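Given next are the chains, with one letter for each unit.
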Amino acid sequence: MAYNLNINGRSMTVEADGDTPLLWALRDILGFKGTKFGCGVGLCGCCTVHIDGVATRACQTPIDSVGTSEIATIEGLATSDPGRRIQKAWLDLEVVQCGYCQPGQMMSAAALLTENPDPTDEDIDAAMSGNLCRCGTYNRIRDAIKYAAHLDATMENAQ
């Protein structure tokens, strides 16, 4: 069956069964390789995308449930102010170690800053609790989210 999906502001058609996980439609059919496969059961957060601004596990989201929702992947993260600030913070604070989980971490962090522009440590821990990092960069991730929250929104000084 054909599904019209709105991904990173573009309309794209996917031919697949309705119960196909969004993750596989993104990666295997449409070529969005930034969204990673981790556990396949929604526990690790590697496959996190935004659906209408909400951090969502793509491995557990069938494409027939998406409808006309706006889907954002890591490839489209820089189109939002929180996304740009998260990217800058990740680079400035050198958060990444192996990097495999980082697209999901960054998507969850951007969703948090969209909802809560000045999160506490407790807010960050709660929002990020479903994202696992095998390398243990949790402290750098928390520091980067706090840093991103206080970056100039226009990012003029980021040049």
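Heads up: these notes are all about the structure in this document. Note that this is a predicted model, so its numbers are computed, not measured.

The next subject is the overall build of the protein chain. Within the protein chain, the regular secondary structure consists of five helices and five strands. Going from the N terminus to the C terminus, the protein chain shows its helices and strands as β-β-α-β-β-β-α-α-α-α. Scaling as 2.2 N^0.38, a compact globule of 159 residues should have a C-alpha radius of gyration of about 15 Å, and the protein chain matches this with 15 Å. Taking the principal axes of its C-alpha atoms as reference, the protein chain extends roughly 45 × 30 × 25 Å. Long-range contacts, defined as pairs at least 24 residues apart, comprise 58% of the intrachain contacts of the protein chain with a sequence gap of at least 6. Of the side chains in the protein chain, 12 bear a positive and 20 a negative charge, and the two mean positions are spaced by 7 Å.

The next subject is unusual backbone geometry. Look at Asn8: it is not a glycine, yet its phi comes out positive at around 50 degrees. By secondary structure assignment, the location of Asn8 is in the loop between β1 (2-7) and β2 (10-15). Backbone geometry at Glu94 places phi at a positive 50 degrees, although glycine is not the residue there. If you trace the backbone, Glu94 turns up in the loop between α2 (81-92) and α3 (102-115).

For an α-helix, 3.6 residues make a turn, and residues three or four places apart therefore share a direction. Relative to the 20 Å expected for 14 residues at 1.5 Å per residue, α3 spans 20 Å between its end C-alpha atoms, a close match to the ideal helical length. Within α3, twelve of the 14 residues are buried, which leaves it mostly tucked inside the rest of the structure. Where α3 is buried, its residues contact β3 (48-51), β4 (54-57), β5 (70-72), α2, α4 (121-128) and α5 (138-149).

Criteria and cut-off values
- Sequence positions are assigned chain by chain, starting from 1 and proceeding in written order.
- Per-residue local features are limited, in this predicted model, to residues with pLDDT of at least 70; the limit for side-chain atom pairs, both in listing and counting, is 80 or more; totals at the level of whole chains, interfaces and linings are taken over all residues.
- In computing side-chain properties, one takes all heavy atoms of the structure into account and sets aside hydrogens as well as water.
- Note on conventions: DSSP H or I runs of at least 4 residues are helices, E runs of at least 2 residues are strands, and numbering of each starts at the N terminus.
- Computation of the radius of gyration draws on C-alpha atoms, with the globule rule given as 2.2 Å multiplied by the number of residues to the power 0.38.
- Residues are treated as being in contact if the distance between any of their heavy atoms lies within 4.5 Å.
- Charged residues are defined narrowly, with Lys and Arg counted positive, Asp and Glu counted negative, and His plus the chain ends left uncounted.
- Taken as the charge centre is NZ of Lys, CZ of Arg, CG of Asp or CD of Glu, depending on the residue.
- One fewer than the residue count of a helix, multiplied by 1.5 Å, yields its expected span.
- A simple rule labels every residue: compare its accessible area, found with a 1.4 Å probe on the protein chains alone, to the largest value its type can have, and call it buried under 20%, exposed over 50%, or partly exposed in between.

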